[in-house]
Amino acid sequence: MKKDNDYYSELAERAIYDNLAFEELYNHYFRIVYNLIYVQVRNAETADDLTSETFFKVTKNFSSFDKSRASFATWLNRIAQRTLIDFFRSQGRSQETDWDEDFDAPTSPDELPEQKVLQDENKKLLLEALEKLSARERQIVTMKYFGDMSNVEIAEALELTASNVGIILFRAMGKLKISLKKFL
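Quick notes on the rules
- Residues numbered from 1 in each chain as written.
- Predicted model: local features only at pLDDT ≥ 70, side-chain atom pairs only at ≥ 80, totals over all residues.
- Heavy atoms only, no water.
- Core = buried A, V, L, I, M, F, W, Y, C linked by side-chain atoms within 4.5 Å.
- Buried < 20%, exposed > 50% of the residue type's maximum accessible area, 1.4 Å probe, protein only.
- Helix = DSSP H or I, 4+ residues; strand = E, 2+ residues; numbered from the N terminus.
- Contact = heavy atoms within 4.5 Å.
- Salt bridge = Lys/Arg side-chain N within 4 Å of Asp/Glu carboxyl O.

### Some thoughts on the nonpolar core
Among the nonpolar cores identified, the biggest contains 52 residues, and Leu 25, Tyr 29, Ile 37, Val 41, Phe 62, Phe 72 and Leu 130 are the most heavily contacted of them. Residue assignment for this core shows that the elements contributing at least two residues are helix H1 (5-15), helix H2 (19-41), helix H3 (44-61), helix H4 (72-91), helix H5 (113-131), helix H6 (135-146), helix H7 (151-158) and helix H8 (162-181). The element best represented in this core is H2, accounting for eleven residues. Excluding its chain neighbours within four sequence positions, the residues that come into contact with Leu 130 are Val 39, Arg 138, Val 141, Phe 146 and Leu 176.

Structure below.
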């Protein structure tokens, strides 16, 4: 059975009273939310804290989730975005930080050290290229590729049209291609 947005939205309705349903949601969405947040804050410890805070808000507000208004993925993303906004307001947003080195989980024992070094270098280049995008472009690219969201879900979360999301995404990917071209 393919698990789609409808499946997770129905699961979210059960998660109010079913711990196993919440556990499945958490396991499915944790890495997605973490990646969305990490790309914005660029620090693993802060991303951990904000991801935890996001899921705490989810559990506190499950009763307000309405699958007829938005999918669970969209609702969760809105909570994550609001958590980020609150964080940046408290930090004075203009604070710039460097990318830390803790973006990925530990390597598997089967992975060769040179593969890990190459992956880390590629990831660093990608994250630096993302920094050159506008905040809106970076947010949409992050939601699409790190958050695994469709253009429609992104549009719902950001209160844009799906076609506008597509245009912004197309332009942002063009900018990323230009930024990364010299390294390919």
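Next, the rest of the story.
### Observations concerning the pattern of salt bridges
Here the idea is simple: oppositely charged side chains can pair when their charged atoms come close. Per the stated rule, a full pass over the model turns up seven salt bridges. Among the salt bridges present, the one from Asp 18 reaches Arg 14, with a minimum N-O distance of 4.0 Å. Judged by its relative accessible area of 23%, Asp 18 is partly exposed. Across the salt bridge formed by Glu 53 and Lys 57, the nearest N and O atoms sit 3.5 Å from each other. In this pair, Glu 53 and Lys 57 are both assigned in helix H3, four residues apart and thus about one turn of the helix distant. With relative accessibility at 34%, the residue Glu 53 sits in the partly exposed group. One salt-bridge network, in which partners are shared between bridges, spans Glu 10, Glu 13 and Lys 67.

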